[in-house]
Amino acid sequence: QVQLVESGGGLVQPGGSLRLSCAASGFTFSAYAMSWYRQAPGKERELVAAISSAGGSTNYADSVKGRFTISRDNAKDTVYLQMNSLKPEDTAVYFCNARYSASDYWNYWGQGTQVTVSS
């Protein structure tokens, strides 16, 4: 079965760092663009960062640009989100998403990992 399993979330103080990981299985990871989304209480899900299937192109939300870095290791079927200089407004459930590069039809989601930024 297709699985996306996020890990690395937790409680961190403002200004701190976390690295999220998303381990993929059950599909051809290298053929999929990968993204991180987040959803805060009372707010809609938003795109945080995206990376192309080969890792050659990345995109970031304006709110995280310069602080977050998305990367992938196709040999390990894993995508990462390095989060630095965390702010309270970064608090959300972070979801991993896989999208088939050749078509938007195939689209998979992880269950999410909680990130809480608080002092």
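The preceding data block contains the structure.
Residues numbered from 1 in each chain as written. Predicted model: local features only at pLDDT ≥ 70, side-chain atom pairs only at ≥ 80, totals over all residues. Heavy atoms only, no water.

Structural notes on the pairing of strand 7 (residues 68–73)
Alternating positions in strand 7 separate cleanly, F68, I70 and R72 being buried on one face and T69, S71 and D73 remaining unburied on the opposite face. Sheet analysis places strand 7 next to strand 8 (residues 78–83), joined by six bridges and oriented antiparallel. Among the inter-strand pairings, R72 is bridged to a residue of strand 8, identified as V79. (Buried < 20%, exposed > 50% of the residue type's maximum accessible area, 1.4 Å probe, protein only. Helix = DSSP H or I, 4+ residues; strand = E, 2+ residues; numbered from the N terminus. Pairing = 2+ DSSP bridges.)

Regarding the sheet that holds strand 1 (residues 3–7)
In any sheet, the strands associate via hydrogen bonds between backbone groups, in a parallel or an antiparallel arrangement. Strands sit in the order 1-3-8-7 across an open sheet of four strands; the sheet is antiparallel. Only two strands of the sheet have a single neighbouring strand rather than two, namely strand 1 and strand 7. Here the average twist between neighbouring strands, direction ignored, is 15°. (Axes fitted to C-alpha atoms, helices over the stretch in contact; angles between N-to-C directions.)

Remarks on the side chain of S53
By secondary structure assignment, the location of S53 is in the loop between strand 5 (46–51) and strand 6 (58–60). If sequence neighbours within four positions are ignored, S53 has contacts with S30, A31, Y32, A33, R72, N74 and S101. (Contact = heavy atoms within 4.5 Å.)

Overview of the environment of K76
Here K76 is to be found in the loop between strand 7 and strand 8. On a C-alpha basis, the gap between K76 and Q114 in space is 23 Å, while along the polypeptide they are 38 residues apart.

What about the state of the cysteines?
Evaluation of the coordinates by the stated rule reveals one disulfide. C22 shares a disulfide with C96; S-S distance 2.1 Å. In this structure the cystine formed by C22 and C96 twists about its S-S bond by roughly -85°; its chirality is therefore left-handed. One end of the pair, C22, is in strand 3 (residues 18–25); the other, C96, is in strand 9 (residues 92–100), and 74 residues separate them in sequence. Residue class for C22 comes out buried when judged on its relative accessible area of 0%. Given the relative accessible area of 0%, C96 is considered buried. (Disulfide = S-S within 2.5 Å.)

The values reported here are purely geometric and, on their own, carry no functional implication.
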